[in-house]
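Notes for the structure review
Below, each chain spelled out in residue letters.
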Amino acid sequence: MPNHKRVALGPVAVIYNVDRNWPKHDQDNVERLIAIMLKGLRALDVDVKAIEIQDTLDPLNALNPDETLIFNWCEGFVGIPWSDFLVAKELEARGFIYTGASSRTLRRTVNKEVIKKMLFEAGVSTPPGRALHYEQAKDWHVFPAMVKPAGQHCSFGVSRASVVESSAELVRQIRRLEKEFGGKALVEPFINGREFHVGVWGNRKPKTLPLTELDYSRYTDIHDRLYTFESKFNPQSEGWTGIGWVCPAPIEPELMQEIQHVAIMAYRAIRCRDYARMDIRLWNGTPMVLDVNPNADLDPESVIPAAAKTLGYSYGEVAHRILEFAALRLRNKLATRDRRLRKTTTSE
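The model shown is predicted, which means the values in this text are computed figures rather than measured ones.

Over its 17 residues, helix α8 (residues 253-269) extends 24 Å from the first C-alpha to the last, a length consistent with the 24 Å expected when each residue adds 1.5 Å. Within the sequence span of α8, burial applies to Leu-255, Ile-259, Val-262, Ala-263, Ile-264, Ala-266, Tyr-267 and Ala-269. Looking at the buried positions of α8, the neighbouring elements they touch are α4 (112-121), β8 (195-202), β9 (207-208), β12 (274-283) and β13 (286-294). One or two positions beyond α8, positive phi appears at Arg-271, with a value near 60°.

Spelled out as structure tokens, the structure:
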């Protein structure tokens, strides 16, 4: 592990979920990723096992929260959309220390309007935006604009049609999103600038990983110059192969430092923990945070593992490093309890 002395870990349980209603290839992919993580951690002599979660954390009943560290790779309870925060909340109630963001942070990040407000209040540069119903679209006058559901993750609802160039298109797109997802749509100016995805990890002194740039150079139509849901998840889509990924990004040192600074500010403002990914675009040369992704994707080809790989980290070492950040909380929890117990004993 480059420039880092690996810290020994106790028992680890990787929790994950598979919805049996998912397409077969999605279920197989989850099992593939779990196998990769287990293999990587076991190669580093970690005592680790995987536990599948469905609609309850009862499979953890036999584990001791003072001994077992949880790698939280759950997207939520089966049948409850965007319930990752409920899994984290239940882990907290059971006394487990786990990787990634707290239940409070995970709950907040479902609401893009709340995240936008938190970024503004912390002084983080982010495009001005509003959460609107279609009746309010007449109040928006900046085009082209970007329209996405205010209450969704993972680019749900983001397509070529998300970039609108008139009030009429804006109304149609908001109505389309309201019908499909319910709730408001977040409307922002569309930024047709360079895009970077920035992995950040750590807690007290978070650090950025090498920047990844999304290369849209083959596209001239602004509707194609964004990372849509199809581009992320459909290997048959144009964006899957057409959008390039460059890491480390070819970037001037001064601009790189600006982007790193903004990414860490956003990480702290949203109270991310252990690891996260910031999506950033340049607006007239200024880095603007588009989205904050706590508990970001950890597929070996995704931003954080791929960026760490350029520094010499294996996949297992990436998972180990994330666990180390969480393990410090477990040690602090036990040390605090011991101090309180000694204090109580002494006072008696």
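Turning to the sheet that holds strand β6 (residues 163-164), a few remarks are in order. If you walk across this open sheet you meet the four strands as β4-β7-β5-β6, and the pairing is antiparallel. Looking at which strands have only one partner, the edges of the open sheet turn out to be β4 (130-132) and β6. Relative to strand β7 (residues 185-189), strand β5 (residues 145-149) runs antiparallel, the two being bridged by five bridges. Across the sheet, Val-147 pairs through a bridge with Val-187, a residue of β7. Strand contacts of helix α5 (residues 167-181): β4, β5, β6 and β7, with the helix running at about 10° to β5, the strand carrying the most contacts.

So, about the environment of Glu-324. Note that Glu-324 resides in helix α10 (residues 315-347). In this structure, the C-alpha to C-alpha distance between Glu-324 and Leu-69, residues 255 residues apart in sequence, is 9.8 Å. Separated by 3.2 Å, the side chain of Glu-324 and the backbone nitrogen of Val-7 make a polar contact. At 2.8 Å, the side chain of Glu-324 and the side chain of His-320 are in polar contact.

Another point: the sheet that holds strand β2 (residues 48-52). Here we have three strands laid out as an open sheet, ordered β2-β1-β3, and parallel in their pairing. Each end of this open sheet is capped by a strand with a single partner; those strands are β2 and β3 (69-73). Across this sheet, the average inter-strand angle for adjacent strands is 25°, counted without regard to direction. Along the sheet, helix α1 (residues 24-42) makes contact with β1 (12-16), β2 and β3, crossing β2 at roughly 160°.

Val-12, Val-14, Met-37, Phe-71, Trp-73, Trp-201 and Leu-298 are the most contacted members of the largest nonpolar core, which has 36 residues in total. Where this core is concerned, the elements lending two or more residues are β1, α1, β3, α9 (303-309) and α10. Looking at this core, the element that brings in the most residues is α10, giving nine residues. Ignoring anything within four residues of it in the chain, the contact list for Met-37 reads Val-14, Phe-71, Trp-73, Tyr-315 and Ala-319. Residues Met-118, Phe-196, Leu-211 and Ile-264 belong to the second largest nonpolar core, which totals 26 residues.

Once that is clear, we can look at the environment of Asp-66. The topology assignment puts Asp-66 in the loop between β2 and β3. If we ignore the near neighbours within four places in the chain, the residues touching Asp-66 are Leu-330, Lys-333, Leu-334 and Arg-337. One polar contact links Asp-66 to Lys-333, side chain to side chain, over a distance of 3.2 Å.

On to the pattern of salt bridges, then. As enumerated under the stated definition, the model contains 18 salt bridges in all. Note that Glu-52 is salt-bridged to Arg-20, the shortest N-O span being 2.9 Å. In this pair, Glu-52 sits in strand β2 while Arg-20 sits in the loop between β1 and α1, placing the two residues 32 residues apart along the sequence. Glu-52 gets classed as partly exposed once you look at its relative accessible area, which sits at 25%.

So, on to the packing of aromatic side chains. Applying the stated rule across the entire model yields seven aromatic pairs. Centroid distance Phe-156 to Phe-229: 4.8 Å. Interplanar angle 40°. Geometry classified as tilted. Placement of the pair is Phe-156 in the loop between β5 and β6 and Phe-229 in helix α6 (residues 229-233), with a sequence separation of 73 residues. Overall, Phe-156 belongs to the partly exposed group, its relative accessible area being 31%. Note on Phe-229 and Phe-233: the rings are 4.9 Å apart at their centroids and 50° apart in plane angle, and the pair reads as tilted. Of this pair, Phe-229 and Phe-233 both sit in helix α6, four residues apart, roughly one helical turn. Taking relative accessible area as the criterion, Phe-229 reaches 25% and is therefore assigned partly exposed. The structure contains a cluster of three or more aromatic residues connected by ring pairs, namely Trp-82, Phe-156, Phe-229 and Phe-233.

Definitions and limits used
Numbers given to residues run from 1 along each chain, matching the order in which its sequence is written. For this predicted model, a pLDDT threshold of at least 70 governs which residues receive local features, and a threshold of 80 or more governs which side-chain atom pairs are given and counted, while totals over whole chains, interfaces and linings are taken from all residues. In computing side-chain values, all of the structure's heavy atoms are included and hydrogens and water are not. Put simply, DSSP H or I for four residues or longer makes a helix, DSSP E for two residues or longer makes a strand, and each gets a number counted from the N terminus. Helix span is expected to be 1.5 Å times the residue number reduced by one. Accessibility here uses a 1.4 Å probe with only protein chains present; expressed as a share of the type maximum, an area under 20% marks a residue as buried, one over 50% as exposed, and anything in between as partly exposed. Any two residues whose heavy atoms approach within 4.5 Å at even a single point are treated as in contact. The pairing criterion is simple: DSSP has to find at least two bridges between the two strands. Axis lines are fitted to C-alpha atoms, over the contacting stretch for helices. Their N-to-C directions set the angle, which ranges from 0 to 180 degrees. Each polar contact in these results corresponds to two N or O atoms within 3.5 Å; when the atoms are within protein, one needs to be able to donate a hydrogen and the other to accept it, and residues that are neighboring in sequence are counted only if both atoms are side-chain atoms. What makes a nonpolar core is a set of buried Ala, Val, Leu, Ile, Met, Phe, Trp, Tyr and Cys residues whose side-chain atoms join them at distances within 4.5 Å. Any carboxyl oxygen of Asp or Glu that lies within 4 Å of a side-chain nitrogen of Lys or Arg is treated as forming a salt bridge with it. Working definition: rings of Phe, Tyr and Trp (its six-membered ring) pair if their centres are within 6.5 Å, and the pair is stacked with planes under 30 degrees apart, edge-to-face with planes over 60 apart, and tilted otherwise.

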